[in-house]
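A look at the structure
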Amino acid sequence: MAEALIRTENLTISFGAHKAVNNVSLSLEKGLFTTILGPNGAGKTTLFNLISGLLEPTEGKLFFKGTDITRLSPIQRVKMGMGRSFQLTNVFPTLTTYENVRLAMQAHEDIGYKIFTNHRRFSKLNEKTDEILERVLLKDKKNQLASQLSHGEQRKLELGMVLALEPEVLLLDEPTAGMAIEEVPTMIDILNKTKESGTTIILIEHKMDMVKQLSDKLIILVNGGLLVEGDPEEVSQNPDVLAAYLGGGILDEESTKD
Ligand SMILES: Nc1ncnc2c1ncn2[C@@H]1O[C@H](COP(=O)(O)OP(=O)(O)OP(=O)(O)O)[C@@H](O)[C@H]1O
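Read on for an overview of the structure. (Residues numbered from 1 in each chain as written. Predicted model: local features only at pLDDT ≥ 70, side-chain atom pairs only at ≥ 80, totals over all residues.)

**Details of the site of the ligand**
This is how it is decided: Only the C-beta atom, placed from the backbone, is used; a residue is near a molecule or strand if that atom lies within 6 Å of it. Numbering of helices and strands starts at the N terminus; helices are DSSP runs of H or I of at least 4 residues and strands are runs of E of at least 2. Side-chain classes are defined by residue name, with Ala, Val, Leu, Ile, Met, Phe, Trp, Tyr, Cys and Pro counting as nonpolar, Asp, Glu, Lys and Arg as charged, and the others, Gly among them, as polar.
Around the ligand sit Phe15, Ala20, Gly38, Asn40, Gly41, Ala42, Gly43, Lys44, Thr45 and Thr46, and that is every residue in its neighbourhood. A per-element tally of the shell around the ligand places helix α1 (residues 44-52) first, with 3 residues. Taken together, the residues that form the shell around the ligand break down as 3 nonpolar, 6 polar and 1 charged.

Below you can see the structure in the form of structure tokens.
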């Protein structure tokens, strides 16, 4: 079994009497593409918020590469190598595509205005920005304002901004939500290449064709609890999973939302 990059131990968060994530212990292994599935309200986004540090658990612990990060801030987690996209909230509409990625990279390199004092580093950052734009298929849009991009392109830009942080693990909450259907294959391609480059990816996604193409492992949450985790084929045949999806195979196209 591959090394656990992220591990949760009895992770729980209560909102009043409701346990949105309830006693979840799971491992997210290095190098695997893991997809988190579950009916609406199962606790998927809340689990992401706990992992990325936006929410503090009521009970339980969270480890990144063996270090207890339960009380660390989101910024501290990013510095350790955790990246998460925030559904367009990070994109600056009045900056160009290029400037958005460049700014994210500059923040990551922690150099701010000092950059102007070092010409070599300046050129290196420009090169890396171009590389990222190529990876997210936005090179030909580099001089367009982010506000002029299509919704799908903005989602790719958002991904590029997270990739600029060079994360070891990438948390993606429905990266194709709201995207035109013909743009989805290009996103799948980008995610496949990102995985091949060595990034561990954790995805929340309802589009089952996409889940099938990308996932090495599935995690099923139901009512805040972990129902089952493992190999996609085995998980999709698990009787408890079939029951949770009202008898429809979870890897069937019919159960696809969006
Ligand atoms: N800040 C909050 N305060 C109160 N209840 C919350 C809060 N955040 C989430 N919840 C509740 O926790 C439960 C899990 O929500 P969550 O958004 O994590 O589900 P999800 O699996 O991501 O659903 P979806 O597939 O619809 O996005 C829901 O019942 C939701 O109403």
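From this point on, the discussion continues.
**Some details on the sheet that holds strand β2 (residues 18-29)**
For clarity, the cut-off: The pairing criterion for strands is at least two bridges between them, as found by DSSP.
Strand order in the open sheet formed by 4 strands is β2-β1-β4-β5, and the pairing between neighbours is antiparallel. In the strand order of this sheet, the two ends are held by β2 and β5 (67-68), each with one partner. Bridging between strand β1 (residues 4-15) and strand β4 (residues 59-64) involves 5 bridges; their strand directions are antiparallel. Residue pairing in the sheet places Glu9 in a bridge with Lys61 of β4.

**Comments concerning helix α6 (residues 184-196)**
Cut-off, in case you're wondering: Here a helix's expected span is defined as the number of its residues, less one, multiplied by 1.5 Å. Residues with at least 20 neighbouring C-beta atoms inside 10 Å of their own are called buried, those with 12 or fewer are called exposed, and the rest are partly exposed, where every C-beta is derived from the backbone. Read the arc as the range of directions from the helix axis to the C-beta atoms. Contact between residues is assigned whenever the C-beta positions, reconstructed from backbone atoms, fall within 7 Å.
Counted at 1.5 Å a residue, the expected span for α6 with its 13 residues is 18 Å, and the 18 Å between its end C-alpha atoms agrees. Considered for burial, the residues of α6 that qualify are Met187, Leu191 and Thr194. Axial view of α6: buried residues confined to an arc of 60°, hence all on one face. Across from the buried face of α6, at angles greater than 90 degrees, the exposed residues are Asp189, Lys193 and Glu196. On its buried face, α6 sits against α5 (151-163), β7 (169-173), β8 (200-204) and α7 (208-214). Of the residues trailing α6, Gly198 is marked for its positive phi of about 110°.

**Topic: unusual backbone geometry**
One non-glycine residue, Asn10, adopts positive backbone phi at about 50°. If you trace the backbone, Asn10 turns up in strand β1. Even without glycine at this site, Asn223 takes up a positive phi of about 50°. With respect to the secondary-structure elements, Asn223 resides in the loop between β9 (217-222) and β10 (225-230). Look at Asn223 and you get partly exposed, because 15 C-beta atoms sit within 10 Å.

Keep in mind these values describe shape, not function.
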